[in-house]
Amino acid sequence: MTKIGFIGLGIMGEGMVNCLLKDAVAGTAETPLLIWNRTSSKCENLKASHPDKTIEIQPSAKDVVSNCDIVFSMLSTPEASAAVFNDGTTGTLAGVSNTSVIIDCATLAESDMKRMSDQVTAKGGKFLEAPVSGSKGPAHGGQLIFLCAGSKDVFDDTVVQAALNAMGKASHYFGEEVGKATRAKLVVNSLMGTMMAAFGESMALAESLDLDGSKMLEVISQGAIATPMFALKGPKMLKKDHAPNFPLCHAHKDMKLAVDAAKSVGVEYSVTQVAEETFRKAREDDELKVANEDFSAVFEKIHKDSKSDYSKKRKLG
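What you see as residue numbers is a count from 1 along each chain, following the sequence as written. In keeping with the model being predicted, local features are shown solely for residues with a pLDDT of at least 70 and side-chain atom pairs are shown and tallied solely at 80 or more, while totals for entire chains, interfaces and linings include all residues. Note that water and hydrogens are dropped before the side-chain values are worked out from all heavy atoms of the structure.

Asks: Give a description of the side chain of Ser100 that names residues and reports values.
Replies: Each helix corresponds to a stretch of at least 4 residues labelled H or I by DSSP, and each strand to a stretch of at least 2 residues labelled E; elements are numbered beginning at the N terminus. Tracing the sequence through the fold places Ser100 in the loop between helix 4 (78-86) and strand 5 (101-104). Burial classification: accessible surface area is computed with a 1.4 Å probe over protein chains only, and a residue below 20% of its type maximum counts as buried, one above 50% as exposed, and the rest as partly exposed. By relative accessible area, which is 3% here, Ser100 ends up buried. Of note is the side chain of Ser100, whose polar atom sits 2.9 Å from the backbone nitrogen of Ser97. Whether two residues are in contact is decided by their heavy atoms: any pair within 4.5 Å suffices. Once residues within four sequence positions are removed from consideration, Ser100 is found in contact with Val65, Asp69, Gly95, Gly125 and Lys126. Two N or O atoms form a polar contact when they lie within 3.5 Å of each other; inside protein one atom must be a possible hydrogen donor and the other a possible acceptor, and for residues adjacent in sequence the pair counts only when both atoms belong to side chains.

Asks: Give a detailed account of the packing of aromatic side chains, specifying residues and quantitative values.
Replies: Whether two aromatic rings pair depends on their centres lying within 6.5 Å, for rings of Phe, Tyr and Trp, where Trp uses its six-membered ring; planes under 30 degrees apart make the pair stacked, over 60 edge-to-face, and the rest tilted. A full pass over the atoms with the stated rule returns five aromatic pairs. One aromatic cluster in this structure is built from Phe246, Phe279 and Phe295. It is Lys152 that lies over the ring of Tyr173; its NZ or CZ is 5.5 Å from the centre. Criterion for a charge above a ring: Arg CZ or Lys NZ at most 6 Å from the ring centre, at most 35 degrees from the ring normal.

Asks: Describe the nonpolar core, naming the residues involved and giving the relevant values.
Replies: Here, the term nonpolar core denotes a set of buried Ala, Val, Leu, Ile, Met, Phe, Trp, Tyr and Cys residues that are joined through side-chain atoms within 4.5 Å. If you look at the biggest cluster of nonpolar residues, it comprises 36 residues, and the most contacted ones within it are Phe6, Met16, Leu33, Phe72, Ile103, Phe146 and Met167. When residues of this core are assigned to their parent elements, the largest contribution, six residues, is made by helix 1 (residues 11-22). Other than its neighbours up to four places away in sequence, Met167 contacts Phe6, Met16, Cys19, Leu20, Phe72, Pro138, Gly142, Gln143, Leu144 and Phe146.

Asks: Would you mind going over helix 12 (residues 248-265) in detail, with residue names and values included?
Replies: Since the α-helix turns once every 3.6 residues, residues separated by three or four places project in the same direction. Expected helix span is given by 1.5 Å per residue-to-residue step, counting one fewer step than there are residues. Between its first and last C-alpha atoms helix 12 spans 26 Å; for 18 residues at 1.5 Å apiece the expected length is 26 Å, and the two agree. Close packing links the buried residues of helix 12 with helix 4, helix 9 (180-208), helix 13 (270-284) and helix 14 (298-305). Directly beyond the C-terminal end of helix 12, a positive phi value near 75 degrees is found at Gly266.

Asks: Can you break down the environment of Met237 residue by residue, with the values?
Replies: As for its placement among the helices and strands, Met237 is situated in helix 11 (residues 228-238). By relative accessible area, Met237 is classed as buried at 1%. Residues Met237 and Asp212 lie 25 residues apart in sequence; the distance between their C-alpha atoms is 13 Å.

Asks: Describe the pattern of salt bridges, with residues and values.
Replies: Opposite charge on two side chains allows them to pair when their charged atoms are near. One side-chain nitrogen of Lys or Arg within 4 Å of one carboxyl oxygen of Asp or Glu is enough to make a salt bridge. Applying the stated criterion across every chain yields a total of 17 salt bridges. Here Asp294 makes a salt bridge to Lys233, at a shortest N to O gap of 3.0 Å. You can see Asp294 sitting in the loop between helix 13 and helix 14 and its partner Lys233 sitting in helix 11, a full 61 residues away along the chain. Taking relative accessible area as the criterion, Asp294 reaches 1% and is therefore assigned buried. A relative accessible area of 7% places Lys233 in the buried class. One salt bridge in this structure joins Asp305 and Lys301, with 3.4 Å as the shortest N-O distance. Highlighted residues: Asp305 and Lys301, both in helix 14, separated by four residues, approximately one helical turn. Overall, the relative accessible area of 44% leaves Asp305 in the partly exposed class. What you see here is one network of salt bridges that share partners, running through Asp285, Glu287, Lys301, Lys304 and Asp305.

Asks: Summarise the packing of helix 9 against helix 13; cite the residues concerned and give the values.
Replies: Orientation of helix 9 relative to helix 13, taken along the N-to-C sense of each, is 70 degrees, at an axis distance of 9 Å. One way to sum up the angle between helix 9 and helix 13 is to call them roughly perpendicular. Between helix 9 and helix 13, the contacting residues are Ser190, Gly193, Thr194, Met196 and Ala197 on the first element and Val271, Thr272, Ala275 and Phe279 on the second. Any residue that is not Ala, Val, Leu, Ile, Met, Phe, Trp, Tyr, Cys, Pro, Asp, Glu, Lys or Arg is counted as polar, Gly included; the first ten are nonpolar and the last four charged. Here the residues of the contact of helix 9 with helix 13 sort into five nonpolar, four polar and no charged. Each axis is a line fitted through C-alpha atoms, taken for helices only over the stretch in contact, and angles between the N-to-C directions span 0 to 180 degrees. Angular relationships are summarised with four words: roughly parallel below 35 degrees, roughly antiparallel beyond 145, roughly perpendicular across 65 to 115, and oblique for the angles in between.

Asks: Any details on the side chain of Asn189? Residues and values, ideally.
Replies: Mapped onto the fold, Asn189 is located in helix 9. Judged by its relative accessible area of 6%, Asn189 falls in the buried class. Not counting residues up to four positions away in its chain, the partners in contact with Asn189 are Phe246, Asp254 and Met255.

That's the geometry; what it means functionally is another story.
Pasting the structure below:
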């Protein structure tokens, strides 16, 4: 029997867990699933929606770790991750022993990931960092991309590989040095955020030049700059639909971490830095209140700060 644990059932974690259950990687008599979430109702709802699965709700993150062979963790922010991991009484680290395997899928600062790895291995456990590229849709559809570093034994483990395959469409291993996977994730997410900011500006310009937004999306989709992100987000942006798949506050957090990383190694990153500042302003705008909306809502900040006739009328809409 291999007990699999999962800590964190938020926007991403809920979809990931459902993929594990759907592919019978976890939740069977041979591989029971043990779960914990800061909001306990999430655990209760998950268990109720899968009455045919072997799911055990644990009272704390510590209990998940101490009772499982392999534990995945997916917490939304660095603050949440630190609070859950470090709690001396009920936290993740408190449950670690020399048989523990911890796989952390959050996007954190490289220093935070290294610290957690050091603390787990100091207690005899094994650690794999595995931040993901992808948002709510890919998480629910098993289409995430895992960026991994740390214990090669953990990465190569048969059960771990089955879990990664259930939750994602690809897994990449960057070596035993913890932190490299986080670096890769920050490169990806900073590029994505910069693309979204540029896309938002271009669409605001098109609308302000009296060009049909939908027609421009069609043009963009037919050329070399076509991307799945533009195709997915563009129509919703025109309708002011920013239901969160990847919250703007999380996107800004990742971009800020990437900008700091670029500064630390002396890389010219001015284009991304300007985009990061645009996201920061959107996040802090108390009138717009888009911090917890999808990161495409940076489009609303671009229009708000624009002085075109179209933008002024749009703001009144």
